[in-house]
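Structure at a glance
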Amino acid sequence: MNRILLFFLKPLSFLPALIMMYAIYSFSSQTGSESGNLSYQVSVKVVEIGNEILDKNLEDWEIEEVAGNIEYYVRKAAHMTEYFLLAVAVSFPLYVYGLRGFPLMLFAGMICVGFACGDEYHQSFVDGRGPSVKDVCIDSVGVFFGILLVRIVCWTFLAPVRMLERAQRRKQRREARLQNRQRPPQSSVSGSRRTASRHSNMAVSSKSAAARQKETLRKEGKRHVY
């Protein structure tokens, strides 16, 4: 029953990756003006939060000016964050399915970077936007760190499980060696069986010879009776 549930639930682990792809596609479908306005609003919010935390007491026009200066970096950070989350959502199910090490980096990286290239090509059909090789490179950096995070987290949390499995395997090997030592050698067992069968055959043959001799004497005795 558990295997059946896992068989049907495992594919659902790719659902977050599909949701992230849809979200990235939706952001890329915005026109240039819509995307710029969204980036500017996010930049203003970031400056306002920083102003409150650092207690700078900036005026509204100063906040808008700083937001305009950091808008470019906010956009690129958003690119990297999107693909960082996409890489996490893609590589974790692959890890669950048994993909480890360099193959995980290669396969998950190909999926995410390939999607980034397709997304940039899609932007060439959107009004006010266009493809950018620089954005693909920025996205690739986010992909690398996302996959790296999954490898570190999974290795850390699954390390106790791996240690228990190794301890069980060592215990099974020790028990198998002890059983082999306690078991008598096969050659001696077969030799003793052959000796016993030889002795039994000799006893049977001697009994049959004695019986034949008695029968012969009995017949001879009857023959010489007058």
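Placed above this text is the structure.
Below you will find a few notes about this structure. (Residues numbered from 1 in each chain as written. Predicted model: local features only at pLDDT ≥ 70, side-chain atom pairs only at ≥ 80, totals over all residues. Heavy atoms only, no water.)

Relative to each other, helix α2 (residues 15-28) and helix α4 (residues 60-96) sit at 155 degrees, their axes nearing to 8 Å. The orientation of α2 relative to α4 falls into the category roughly antiparallel. Crossing of α2 against α4: the hand is left-handed. Contact residues: P16, A17, M20, M21, I24 and F27 in α2; E82, Y83, L85, L86, A89 and V90 in α4. For the contact of α2 with α4, the per-class residue count stands at eleven nonpolar, no polar and one charged. (Axes fitted to C-alpha atoms, helices over the stretch in contact; angles between N-to-C directions. Helix = DSSP H or I, 4+ residues; strand = E, 2+ residues; numbered from the N terminus. Parallel < 35°, antiparallel > 145°, perpendicular 65-115°, else oblique. Left-handed = near helix turned anticlockwise from the far one by under 90°. Contact = heavy atoms within 4.5 Å. Nonpolar A, V, L, I, M, F, W, Y, C, P; charged D, E, K, R; others polar.)

Viewed as axis vectors pointing N to C, α4 and helix α5 (residues 101-123) meet at an angle of 140 degrees, and their least axial separation amounts to 9 Å. In terms of their interaxial angle, α4 and α5 are classed as oblique. Crossing geometry of α4 relative to α5 is assigned as right-handed. Contact residues: H79, Y83, L86, A87, V90, S91, L94 and Y95 in α4; L104, F107, A108, I111, C112, F115, A116, D119 and E120 in α5. Partitioning the contact of α4 with α5 into residue classes produces 13 nonpolar, two polar and two charged.

With that out of the way, let us pick up the side chain of R129. Along the polypeptide, R129 turns up in the loop between α5 and α6 (133-182). Buried R129, no salt bridge; nearest opposite-charge side chain is D135, N-O distance 6.4 Å. Engagement of the side chain of R129 in a polar contact is seen with the backbone oxygen of F27, the distance being 2.9 Å. With near-sequence residues (within four places) excluded, R129 lies in contact with F27, S28, Q30, T31, G32, S35, R75, Q123 and S124. (Buried < 20%, exposed > 50% of the residue type's maximum accessible area, 1.4 Å probe, protein only. Lys, Arg positive; Asp, Glu negative; His and termini not counted. Salt bridge = Lys/Arg side-chain N within 4 Å of Asp/Glu carboxyl O. Polar contact = N/O pair within 3.5 Å; in protein donor to acceptor, adjacent residues only side chain to side chain.)

Another point: the layout of surface pockets. By volume, the largest pocket amounts to about 310 Å³. Within the residue set of the lining of the largest pocket, elements represented by two or more residues are α2, α3 (32-54), α4 and α5. Broken down by element, the lining of the largest pocket gets its largest block of residues, five residues, from α4. The class makeup of the residues in the lining of the largest pocket is six nonpolar, six polar and four charged. (1 Å grid on protein atoms, 1.4 Å probe; cavity = no way out; pocket = protein on both sides within 12 Å on 5 of 7 lines; lining within 4 Å. Points joined across faces, edges and corners; volume = space filled by probe spheres on them.)

A few words on the nonpolar core. In this structure, Y83, L86, V90, C112, V143 and I147 are the most contacted members of the largest nonpolar core, which totals 20 residues. Among the secondary structure elements, those contributing two or more residues to this core are α2, α4, α5 and α6. If you tally residues by element for this core, the top one is α4, at seven residues. Once you skip the residues sitting within four places of it in the chain, I147 turns out to touch A87, S91, L104, M105, A108 and G109. (Core = buried A, V, L, I, M, F, W, Y, C linked by side-chain atoms within 4.5 Å.)

On the surface, R166, R169, R170, K171, R173, R174, R177 and R181 cluster together into a positively charged patch. Mapped onto the elements, R170 comes out in helix α6. (Patch = residues over 30% accessible without salt bridge, like charges linked within 9 Å, V, L, I, M, F, W, Y side chains within 5 Å. Areas by Shrake-Rupley, 256 points an atom, 1.4 Å probe, with all protein chains shown as cover. Charge placed at Lys NZ, Arg CZ, Asp CG, Glu CD.)

Counted under the stated rule, the structure contains five aromatic pairs. Look at Y72 and Y73: their rings are 5.5 Å apart centre to centre, the planes differ by 85 degrees, and that puts the pair in the edge-to-face class. Taking the relative accessible area as the measure of exposure, Y73 reaches 57% and is therefore exposed. Geometrically, the ring pair formed by Y83 and F115 is tilted, given 6.4 Å between the ring centres and 50 degrees between the ring planes. Of this pair, Y83 sits in helix α4 while F115 sits in helix α5, and the two are 32 residues apart along the sequence. Just above the ring of Y95 sits the side chain of R100; from NZ or CZ to the centre is 3.8 Å. (Phe/Tyr/Trp six-rings, centres within 6.5 Å; stacked < 30°, edge-to-face > 60°. Lys NZ or Arg CZ within 6 Å of the ring centre and 35° of its normal.)

So, on to the pattern of salt bridges. In the structure shown here, the tally under the stated rule is one salt bridge. A salt bridge links D135 to K76, with the shortest nitrogen-to-oxygen separation between them at 2.5 Å. Of this pair, D135 sits in helix α6 while K76 sits in helix α4; the two residues are 59 residues apart in sequence, bridging distant segments of the chain. Look at D135 and you get buried, because its relative accessible area is 7%.

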